[in-house]
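# Report on the structure
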Amino acid sequence: QVQLVESGGGLVQAGDSLRLSCAASGRTFSTYSMGWFRQAPGKEREFVAAITWNGKTYYADSAKGRFTISRDNAKNTVYLQMNSLKPEDTAVYYCAAVRRRFSGLGSEETYDYWGQGTQVTVSS
């Protein structure tokens, strides 16, 4: 069982940066692939970025060039650095985990564990 706790959300202005963190419980974090998803009001949850257990990264087109996903296995934490934020990035951001998966990381059905989410609001 893995428990995930997101933090780092907040209210920022367009063009600002935020770094989200997702802390995971357990001693096998390094074997999990991690993903970030987001859900805006009235919209379905969508993929943002993922990082495999061995460090390969994937991004949604909306995140490429602005967001960076990374992980620190010593701290059981995955990060999402978000730069040049836009009002359309406003959403609840969720992290998710699945053990030893390389494929399908853009689909929320792939993941077994989810955090409670953290709100990101970008004002214009």
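Below you will find a few notes about this structure. (Residues numbered from 1 in each chain as written. Predicted model: local features only at pLDDT ≥ 70, side-chain atom pairs only at ≥ 80, totals over all residues. Heavy atoms only, no water.)

### Examining the sheet that holds strand β1 (residues 4–7)
In sheet architecture, strand pairing relies on hydrogen bonds along the backbone and comes in two forms, parallel and antiparallel. The condition that has to hold: For two strands to count as paired, DSSP must find a minimum of two bridges between them. The helix count covers DSSP runs of H or I at least four residues long, the strand count covers runs of E at least two residues long, and both are numbered beginning at the N terminus. The convention used is that axes are lines fitted to C-alpha atoms, helices contributing only their stretch in contact, and that angles between N-to-C directions extend from 0 to 180 degrees.
Read across the open sheet, the four strands follow the order β1-β3-β8-β7; overall the sheet is antiparallel. Two strands in the sheet have a free side with no partner beyond their single neighbour: β1 and β7 (67–72). When strand polarity is set aside, the average angle formed by the axes of neighbouring strands in this sheet is 15°. With six bridges connecting them, β7 and strand β8 (residues 77–82) associate as antiparallel partners. Counted as the bridge partner of I69 is L80 from β8.

### Topic: unusual backbone geometry
Here is the rule we go by: Exposure classes here rest on a 1.4 Å probe applied to the protein chains alone. A residue is buried below 20% of its type maximum, exposed above 50%, and partly exposed in between.
For S84, which is not glycine, the phi torsion reads 50° and is therefore positive. Within the fold, S84 resides in the loop between β8 and β9 (91–99). We classify S84 as partly exposed; its relative accessible area is 41%. One non-glycine residue, R100, adopts positive backbone phi at about 50°. Residue placement: R100 occurs in the loop between β9 and β10 (113–114). Classification of R100 by relative accessible area gives partly exposed; the value is 44%.

Geometric descriptors of this kind do not, in isolation, establish any biological role.
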